Amino acid sequence: MANNITLPPNLQDKIHTDADAIKAASTDYGHIITQKPAAVLFPSSVEDLKTLIGFSFNSSVPYTVAAKGRAHSVHGEAMATNGVVVEMTSLSKNGSKRIVIGGDKASGFYADIGGEQQWIDVLNATLQKGLTAVSWTDYLYMTVGGTLSNAGISGQTHLKGPQINNVYELDVVTGTDFYSCVLRMSSMQRKGELVTCSKQVNSELFYAVLGGLGQFGIITRARIVLEPAKTKVKWFRLLYTDFDTFSKDQEKLIAVNERGSGEILNYLEGLLFMDPNSLDSFFLPEDRPRIASLIKRYGILYVLETASSYDDRTKHSVDKKLHQLFKSLSSLPNIYTRDVTYVEFLNRVHADELVLRKKGLWDVPHPWLHLFIPKSGIHAFHNGVFKNILLKKNFTTSLVLVYPMNRNKWDDNMSAVIPDEEIFYTAGFLDASWNWKVFDNKNKEILEFCDKAGIKVKKYVGYHDSKEEWINHFGSKWKTFQDRKNQFDPKKILSPGQKIFN
Ligand code: FAD
């Protein structure tokens, strides 16, 4: 018994209710919301997850269960007030990495990865075999289960789709006994069940879980697509002083990339600089005064960031092709370049993390906002948000990402929600401040502006304040999402921190 909830007696040794465990499970990267669970489970096997969920399912007063990966959520999504938080990373505490590589050249390579594994470990393990995942996130110290519950986007998304589109198969512990439901067993006989699913087998569960915000089950294994890895990356930044030209060139590159299957550039993002003192470490000290003066002069500097991975075999041809391609763009004449290893490139945000940690600026509140914006609204969004809110109201120190992707690289059967246009942009407002309410209000103003301007944005990794807002978010997908919830987690046990059904 913990805080008035009855927990499975056979998990006693692995369930912690001490102050340290509760505190660690009550907070996340956002540092905005605090919600205390009654207990924290440190599982040592998938069987423990089945027991925990099954016990709740069969209880007259079910408790909620939240899988917690690295808690890199920002609004309590991996929390469970008075329920049980599962420290997923404890599944690999016994030293086993739970990453197994399989397949062959003819049929394609894959990796079977525990849902609790971090992407950095996936990178290191696959590179040992000369292979790599095809779609990444910018930051790699998050779990496979955590990012697949959202989508997993980055500069490869326009080419390969989000991470959820590069999954062959999943093992999932659902919120009900999947098989006994099929066999019509009584509810008392049911238990959280481990189900293997793919596009071919148990497809409804597969599609539900990918982008499913943890609502349908806990991912304990994902089989993901791998491809041969290159060893080095040429990493570029091209500067623009005008948004129209910048976004046209971004769209041009994603179209070129699509036609050439990413042969030349395999990553494309974009970012804004509005504060001459906030330039990041990509730019060399000798280049900074010139770039800072552009920001002072134009207010916003639009930076197209792209990259091309190569190896000894392709070293020379890559330069020639890039030269041709960049000649067709309308950026300012200077192109800023870095030549780095493949790992340095993919793990680039970690270098910033170390600097921020040193300055005590990593564990501060993060009032983040991530949006998907349909292409038809991106110019109004630029004027209304970047110019009239960020620049005019002096939110110039924000790190703002903005880049386009294609709808046809997403699978509409999956739970993730994106705008209803072939090209849409993502914009991330990545603030960090103890004064988080000011930024939260700014985010509300951005959403109000979009609403008034009729720009049909969708939140990514975003919270909503009410069920109505969630229904609005899912739009035509709501009924399917709700039906799937009733099928796979009818007692609303899982991921209560998303506040969709709880
Ligand atoms: P958690 O925060 O622990 O959990 C998130 C949700 O998933 C919760 O609802 C939880 O219950 C559920 N969940 C966790 N594990 C499982 C599981 N095994 N099975 C089922 N449900 C589970 N996102 C991008 O797409 N691209 C980026 O480039 C990117 N960069 C980021 C950089 C930083 C510094 C941060 C803080 C976040 C970033 N994100 C990015 C957002 C990130 O993808 C999500 O917040 C993701 O959920 C974090 O993974 P996590 O392991 O910390 O999940």
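Residues numbered from 1 in each chain as written. Predicted model: local features only at pLDDT ≥ 70, side-chain atom pairs only at ≥ 80, totals over all residues. Heavy atoms only, no water.

**Q** What is the right way to look at the overall build of the protein chain in this model?
**A** Of the regular secondary structure elements, the protein chain holds 16 helices and 18 strands. Since a compact globule built from 502 residues should have a radius of gyration of about 23 Å, the 23 Å found for the protein chain is in line with a globular shape. Principal-axis analysis of the C-alpha atoms gives the protein chain an extent of 70 × 55 × 45 Å. When burial is assessed residue by residue, the protein chain has 58% of its 502 residues classed as buried. Taking the intrachain contacts of the protein chain between residues at least 6 apart in sequence as the baseline, contacts between residues at least 24 apart amount to 76%. As displayed, the protein chain offers around 21,300 Å² of accessible surface, 51% of which is attributable to carbon and sulfur atoms. Of the side chains in the protein chain, 60 bear a positive and 54 a negative charge, and the two mean positions are spaced by 2 Å. (Helix = DSSP H or I, 4+ residues; strand = E, 2+ residues; numbered from the N terminus. Rg over C-alpha atoms; globule rule 2.2 N^0.38 Å. Buried < 20%, exposed > 50% of the residue type's maximum accessible area, 1.4 Å probe, protein only. Contact = heavy atoms within 4.5 Å. Areas by Shrake-Rupley, 256 points an atom, 1.4 Å probe, with all protein chains shown as cover. Lys, Arg positive; Asp, Glu negative; His and termini not counted. Charge placed at Lys NZ, Arg CZ, Asp CG, Glu CD.)

**Q** Looking at this structure, how should I read the site of the ligand?
**A** Close contacts around the ligand come from 33 residues, with Ala 67, Gly 69, Ser 73, Thr 143 and Tyr 460 the closest. In the model, an oxygen atom of the ligand is placed 2.7 Å from a nitrogen or oxygen of the Thr 143 side chain. Ile 153 has a polar backbone atom sitting 2.8 Å from an oxygen atom of the ligand. Alone, the ligand offers 950 Å² of accessible surface; in the complex the protein occludes 96% of this. Mapped onto the shell around the ligand, the elements with two or more residues apiece are strand E3 (65-68), helix H4 (144-148) and strand E10 (217-228). Residues of the shell around the ligand, tallied by class, amount to 14 nonpolar, 15 polar and four charged. (Near = heavy atom within 4 Å. Polar contact = N/O pair within 3.5 Å; in protein donor to acceptor, adjacent residues only side chain to side chain. Nonpolar A, V, L, I, M, F, W, Y, C, P; charged D, E, K, R; others polar.)

**Q** Can you help me understand the domain arrangement of the protein chain in this one?
**A** Many authors give the size of an interface as the accessible area that is lost as the parts come together. For the protein chain, the assigned domains are domain 1 (99-228) and domain 2 (232-459). Placing the centre of domain 1 and that of domain 2 at their C-alpha centroids yields a distance of 27 Å. The interface of domain 1 with domain 2 comprises 32 residues on the first partner and 33 residues on the second. When the two sides are added together, the surface that domain 1 and domain 2 hide from each other amounts to roughly 2,500 Å², 62% of it contributed by carbon and sulfur. By the criterion of area lost to domain 2, the three top residues of domain 1 are Asp 138, His 158 and Leu 159, representing 29% of everything that side buries. (Domains from an automatic or database assignment. Buried area = accessible area lost by both parts, 1.4 Å probe.)

**Q** What's the story with the packing of helix H13 (residues 378-391) against helix H14 (residues 436-453) in this structure? I'm lost.
**A** Relative placement of two packed helices is described by the angle separating their axes and the distance separating the axes. At a closest axis distance of 10 Å, the pairing of H13 and H14 adopts a crossing angle of 150°. Compared by their axis directions, H13 and H14 come out roughly antiparallel. Relative to H14, H13 is oriented so that their crossing is right-handed. The segment H13 lies against H14, with Ala 380, Phe 381, Gly 384, Val 385, Ile 389 and Leu 390 engaging Lys 442, Glu 445, Ile 446, Phe 449 and Cys 450. Residues belonging to the contact of H13 with H14 are distributed by class as follows: eight nonpolar, one polar and two charged. (Axes fitted to C-alpha atoms, helices over the stretch in contact; angles between N-to-C directions. Parallel < 35°, antiparallel > 145°, perpendicular 65-115°, else oblique. Left-handed = near helix turned anticlockwise from the far one by under 90°.)

**Q** What exactly am I supposed to notice about the sheet that holds strand E4 (residues 84-87) here?
**A** Strands in a sheet are paired, the pairing made by backbone hydrogen bonds, and the direction either parallel or antiparallel. The strand order across the open sheet built from four strands is E1-E2-E4-E3, with neighbouring strands paired in mixed fashion. Across the chains shown, the open sheet's two edge strands, defined by having one partner strand only, are strand E1 (15-16) and E3. Where strand E2 (residues 39-41) and E4 come together, three bridges link them in parallel fashion. Bridge pairing in E4 places Ala 39 opposite Val 84. (Pairing = 2+ DSSP bridges.)

**Q** Explain the sheet that holds strand E12 (residues 267-273) here, please?
**A** Ordered by their spatial adjacency, eight strands build an open sheet running E14-E11-E13-E12-E16-E17-E15-E18, and the pairing between neighbours is antiparallel. Looking at strand neighbours, the two that pair on one side only are strand E14 (335-341) and strand E18 (458-459), the edges of this open sheet. Alignment of E12 against strand E16 (residues 399-406), held across two bridges, turns out to be antiparallel. Note on E16: the bridge partner recorded for Leu 272 is Val 400. Along the sheet, H14 makes contact with strand E15 (369-374), strand E17 (423-430) and E18, crossing E15 at roughly 15°.

**Q** Just to check I follow, could you spell out empty space enclosed by the protein for this structure?
**A** Gaps between atoms show up when a probe of the same size as a water molecule is rolled over them. Evaluation of the coordinates by the stated rule reveals three cavities of 30 Å³ or more. There is about 140 Å³ of room inside the largest cavity. Taken together, 16 residues form the lining of the largest cavity, with Leu 213, Lys 459, Tyr 460, Val 461 and His 473 sitting closest to its centre. Each residue belonging to the lining of the largest cavity can be placed in one class, and the counts come to nine nonpolar, six polar and one charged. Shared between two domains, the lining of the largest cavity holds at least three residues of each, these being domain 1 (99-228) and domain 2 (232-459). Empty space within the second largest cavity amounts to approximately 80 Å³. (1 Å grid on protein atoms, 1.4 Å probe; cavity = no way out; pocket = protein on both sides within 12 Å on 5 of 7 lines; lining within 4 Å. Points joined across faces, edges and corners; volume = space filled by probe spheres on them.)

**Q** Would you explain helix H10 (residues 315-327) in this entry?
**A** Given 3.6 residues per turn, any residue in an α-helix points the same way as the ones three and four places further on. Along its 13 residues, H10 runs 19 Å from first to last C-alpha, staying within 8% of the 18 Å computed at 1.5 Å per residue. Turning to H10, its buried residues number three or more, namely Val 318, Leu 322, Leu 325 and Phe 326. The buried residues of H10 all sit within an arc of 90° when viewed along its axis, so they share a single face. Exposed positions of H10 whose direction lies more than 90 degrees from the buried face are His 316, Lys 320, His 323 and Lys 327. Buried residues in H10 make contact with strand E11 (232-240), helix H8 (243-259), strand E13 (301-310) and E14. (Expected span 1.5 Å × (residues − 1). Arc of directions from axis to C-beta.)

**Q** Looking at this structure, I do not really get the pairing of E17. What am I missing?
**A** Counting buried positions along E17 gives eight out of eight residues, so the element sits mostly inside the fold. Burial of E17 is two-sided: the residues Ile 423, Tyr 425, Ala 427 and Phe 429 facing one way and the residues Phe 424, Thr 426, Gly 428 and Leu 430 facing the other way are all buried.

**Q** For this particular structure, what's the right way to read the layout of surface pockets?
**A** The calculated volume of the second largest pocket comes to roughly 710 Å³. Counting residues per element, the lining of the second largest pocket draws most heavily on H14, which supplies seven residues. For the lining of the second largest pocket, a count of residues per class yields seven nonpolar, six polar and nine charged.

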